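Here is what each chain is made of, one letter per residue.
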Amino acid sequence: MTPRQLTLFLAVCRHRSMSKAAEEMNIAQPSLSKQIVQLEHALKTPLFVRHHRGVDLTRPGERLRTEAAELVRRIDNLSQAIRSESEHVSGDVTLCVITSLASAFAVELLPKIAADMPKVKLRILNGFSDQAVRDVLQQNVDLAIIPNTAADLPVAASMPLFKESFVFISRSSPQFPDRPIRLADALDRPLVLPPVGSDLRRRVDEGARSIGVQLTPLFETNSIEAIGELVELGIACSVVPRTYWQGKIAAGAVDARPIEAPEISRVHSLCWMPDIEAAPAVDEIRKRIVSSVRGMLNSGKLSGDAIVDTRQAQRLADDG
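Here the structure is a predicted model, which is why all the values come from computation and not from measurement. Residue positions are given per chain, counting from 1 as you read along its sequence in written order. It should be noted that, the model being predicted, local features are given only for residues of pLDDT at least 70 and side-chain atom pairs only at 80 or more, the latter also being counted only at that level, while totals for whole chains, interfaces and linings use all residues. Based on all heavy atoms of the structure, the side-chain values leave hydrogens and waters out of the count.

This part is about the side chain of Thr221. Numbered from the N terminus, helices here are DSSP runs of H or I no shorter than four residues, and strands are runs of E no shorter than two. Along the chain, Thr221 falls in the loop between strand E9 (219-220) and helix H10 (224-232). A polar side-chain atom of Thr221 sits 3.1 Å from the main-chain amide nitrogen of Ser223. Throughout, a residue-residue contact means that at least one pair of heavy atoms, one from each residue, lies within 4.5 Å. Residues within four places of Thr221 in sequence aside, it is in contact with Val192, Leu193, Pro194, Pro195, Ala226 and Ile227. Definition of a polar contact: a pair of N or O atoms within 3.5 Å, with one able to donate and the other able to accept a hydrogen when the atoms are protein atoms, and with sequence-neighbouring residues admitted only if both atoms are side-chain atoms.

Attention shifts here to the layout of surface pockets. Size it by volume and the second largest pocket reaches roughly 290 Å³. Looking at the second largest pocket, it is lined by 20 residues, and the ones nearest its centre are Thr99, Ser100, Phe128, Leu200 and Ile224. Among the elements of the structure, helix H5 (99-116), helix H9 (199-210), H10 and strand E10 (238-241) are those that each provide at least two residues to the lining of the second largest pocket. Lining residues are defined by having an atom within 4 Å of a point belonging to a cavity or pocket. Those points lie on a 1 Å grid over the protein atoms alone, cavities being sets where a 1.4 Å probe fits but cannot get out and pockets being open sets with protein on both sides within 12 Å along at least five of seven lines. Grid points are joined across faces, edges and corners, and a volume is the space filled by probe spheres set on the points.

Turning our attention to the pattern of salt bridges. Any carboxyl oxygen of Asp or Glu within 4 Å of a side-chain nitrogen of Lys or Arg constitutes a salt bridge here. Evaluation of the coordinates by the stated rule reveals 20 salt bridges. Salt-bridge contacts for Lys248 lead to Glu232; the nearest nitrogen and oxygen are separated by 2.5 Å. With Lys248 in helix H11 (residues 246-250) and Glu232 in helix H10, the pair connects residues that are 16 residues apart, well separated along the chain. Take Glu232: its relative accessible area is 28%, and that puts it in the partly exposed class. Buried, partly exposed and exposed residues are distinguished by accessible area as a fraction of the type maximum, computed with a 1.4 Å probe on protein chains only: under 20%, between the cut-offs, and over 50%, respectively.

What follows is about helix H2 (residues 18-25). Of the residues making up H2, those classed as buried are Met18, Ala21, Ala22 and Met25. Along the long axis of H2, the arc covered by the buried residues comes to 100°, so they all point the same way. Tucked into the core, H2 has its buried residues touching helix H1 (3-15), helix H3 (29-43), strand E1 (48-51) and strand E2 (54-57). Once H2 ends, the next one or two residues include Asn26, with phi positive near 55°. An arc is given here, and it is the one of the directions from the helix axis to the C-beta atoms.

If you trace the backbone, Gln5 turns up in helix H1. Overall, the relative accessible area of 7% leaves Gln5 in the buried class. For Gln5, the contacting residues outside a window of four places in its chain are Gln35, Gln38 and Leu39.

Treat this as a map of the structure, not an account of what it does.
What follows is the structure in structure tokens.
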């Protein structure tokens, strides 16, 4: 049960009509109907009796209408209070995100921060994980989202955000099914990979060693764009995290197959130096990043599994 579903439910209650409620809420009627059905499934009871003239509330529906109106009002008031508080926060915040994730976080965060926190200027830099580690240590950035934080940056405070699995990508072809591919078979193909030393290459090297394979890629480059070009042209394949390639996969430019036996994955964390007192603007951005990750995963903007510790996230919110 979500605030959006309750708002749509109340619109249907007002009009006693799915089509009129959809028109008021500026949403397609099938989408509104789907939200109402999902709400009924969540509550395990029908809320409306449907008939050719519209809908009538059931007894549980009448009960929910009374409670929902108050809930939505309180949520709206809380949202307004939070926005008002955020508008008073000001300052500059620099966030470093590894290259493969930078675009996803920039598109998600920059417009929302500009709208909700007009006095906060958020800068998002992208770079390889080793550079991001140096930037955090040298205090060139306030926050960073990088993998393998516990090993690469043990002096930092960090919060795990999500686990990202690697996939085998190749030129789009109907001959390649979507079924998983064994790591040994993936590594037997002509590969283009980053040079030794990068976090991505380290994960692939570790996977290769675990199955007794000597990894010998056909090409090496630290250009993620060049890797994409070589794969799209069918010159080579690659083993990569999925998020950066979501658009190319959806467009049919490349095929992506899950890797198994063994899986290769990495955990991305939000990190910062704990001995530096954070400005209020940094605290607000930190909270916003944590709260945004699950939604980005659910919407497909990120690929992976959320591992945000809700208790740790609450402590972060309480401690500022």
